[in-house]
Every structure is written in structure tokens, then in C-alpha cells.
Amino acid sequence: QVQLVESGGGLVQPGGSLRLSCVASGGIVSAYTMGWHRQAPGNQRGLVAVISSGGFTNYADSVKGRFTISRDNAKNTVYLQMNSLKPEDTAVYYCYADPGDYRLRAWGQGTLVTVSS
């Protein structure tokens with residue numbers, strides 16, 4: 001069973017940057033699709049970015065041009081670089097790893113990002 005641990009969240013001013021990390025253990029995730037979702041208070045959880053095992057990426061329209069997802073398979077880690085942060089980016093960010101069967105998808109515990117002056 002793959003386990004995921006996120007880190008890198010915190011408080012940042014509008015226009016600032018943060019880099020989230022998600023480290024996987026309990027399995028090799030190089031063949032997995034990995035991604036980030038987020039959930040703001042009162043909202044449903046939604047996709048932020050996803051990266052395939054081959055490195056193909058996709059982003060929510062709201063973060064295109066500001067966020068970059070990447071992965072380091074040697075470290076079993078996926079990253080989310082967030083630039084030009086806005087207050088509406090405030091949310092709990094969750095990492096996931098998908099082996100191709102959504103029933104086996106693993107989730108992290110979440111890391112809080114707060115964008116405020």
C-alpha cells in the first residue's frame with residue numbers, strides 16, 4: 001500500500017511562491033499517474049495538476065501559467081511549484097498516486113496553503 005506525505009504548505013502573501021512536495025513510500029510510483037487536488041472551505045475537492053508516468057502534464061485553467069507540476073522518480077516524489085499566488089488559491093492541497101485503477105488511488109493527508117496579506 002502506497003503512502004503519501006505532503007509538505008511545504010504555509011502562509012504566503014499574494015504574489016508569493018511556495019513549493020509543495022509529496023513523498024511516496026511503500027511502493028515504487030514511477031509507473032503511477034500522480035497529481036494534486038485542493039479543497040477550499042465550503043468547496044468540493046478539485047484537480048489542480050496531474051503528471052503521467054511519462055511526464056505529460058495537465059492543469060486546471062485557474063492555475064495554468066502559474067503552477068508547475070514535476071516528479072523525481074529516483075526520489076519517489078512529486079512537486080507542485082506555485083508562483084504568483086492569489087488569495088483564491090487558499091486551500092488544503094492533497095497529493096495522490098494512481099496506478100491506473102481509481103479504486104487503488106492513494107491520497108496524502110493534505111497540506112494547508114494560505115494566501116493572505
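Up top is the structure.
Just so it is clear, the model here is predicted, and its values are computed rather than measured. (Residues numbered from 1 in each chain as written. Predicted model: local features only at pLDDT ≥ 70, side-chain atom pairs only at ≥ 80, totals over all residues. Heavy atoms only, no water.)

Draft legend 1. Representation of the overall build of the protein chain. When its secondary structure is counted, the protein chain shows zero helices and eleven strands. Here the C-alpha radius of gyration of the protein chain, 13 Å, is about what a compact globule of 117 residues would show, namely 13 Å. Along the first, second and third principal axes, the C-alpha set of the protein chain runs to 40 × 25 × 20 Å. For the protein chain, with 117 residues in total, the buried portion stands at 44%. Long-range contacts, defined as pairs at least 24 residues apart, comprise 54% of the intrachain contacts of the protein chain with a sequence gap of at least 6. Surface exposure of the protein chain reaches about 6100 Å², of which carbon and sulfur atoms provide 49%. (Helix = DSSP H or I, 4+ residues; strand = E, 2+ residues; numbered from the N terminus. Rg over C-alpha atoms; globule rule 2.2 N^0.38 Å. Buried < 20%, exposed > 50% of the residue type's maximum accessible area, 1.4 Å probe, protein only. Contact = heavy atoms within 4.5 Å. Areas by Shrake-Rupley, 256 points an atom, 1.4 Å probe, with all protein chains shown as cover.)

Draft legend 2. Representation of the state of the cysteines within the structure. Considering all chains together, one arrives at one disulfide under this definition. Bridging Cys 22 to Cys 95, the disulfide has an S-S length of 2.0 Å. Handedness of the Cys 22-Cys 95 disulfide follows from its S-S torsion of about -75°: it is left-handed. Here the residue Cys 22 occupies a position in strand S3 (residues 18–25), and Cys 95 occupies one in strand S9 (residues 91–98), the gap between them amounting to 73 residues. (Disulfide = S-S within 2.5 Å.)

Draft legend 3. Up close: the side chain of Thr 77. Residue placement: Thr 77 occurs in strand S8 (residues 77–82). Reaching out from Thr 77, the side chain makes a polar contact with the backbone oxygen of Lys 75 at a distance of 2.7 Å. Sequence-distant contacts of Thr 77, that is, excluding residues within four places in its chain, are made with Ser 21, Cys 22, Val 23, Ser 70, Arg 71 and Asp 72. (Polar contact = N/O pair within 3.5 Å; in protein donor to acceptor, adjacent residues only side chain to side chain.)

Draft legend 4. Layout of the pattern of salt bridges. The final tally for this structure, using the stated rule, is five salt bridges. When the shortest N-O distance is used, the salt bridge between Arg 105 and Asp 98 registers 2.7 Å. On the basis of relative accessible area, Asp 98 is assigned to the buried category, the value being 10%. Two residues, Asp 101 and Arg 103, come together in a salt bridge whose shortest N-O distance is 2.9 Å. The class for Arg 103 is exposed, based on a relative accessible area of 62%. Here the residues in one salt-bridge network are Arg 38, Arg 66 and Asp 89, joined through shared partners. (Salt bridge = Lys/Arg side-chain N within 4 Å of Asp/Glu carboxyl O.)

Draft legend 5. Region of the structure containing the environment of Arg 103. Checked against the element boundaries, Arg 103 lands in the loop between S9 and strand S10 (106–107). Along the primary structure Arg 103 and Gly 15 are separated by 88 residues, whereas in three dimensions their C-alpha atoms are 37 Å apart. Engagement of the side chain of Arg 103 in a polar contact is seen with the side chain of Asp 101, the distance being 2.9 Å.

Draft legend 6. Spotlight on the packing of aromatic side chains. What the rule picks out here adds up to one aromatic pair. Look at Tyr 96 and Trp 107: their rings are 5.2 Å apart centre to centre, the planes differ by 45°, and that puts the pair in the tilted class. Here the residue Tyr 96 occupies a position in strand S9, and Trp 107 occupies one in strand S10, the gap between them amounting to eleven residues. Tyr 96 sits in the buried class, given a relative accessible area of 4%. (Phe/Tyr/Trp six-rings, centres within 6.5 Å; stacked < 30°, edge-to-face > 60°.)

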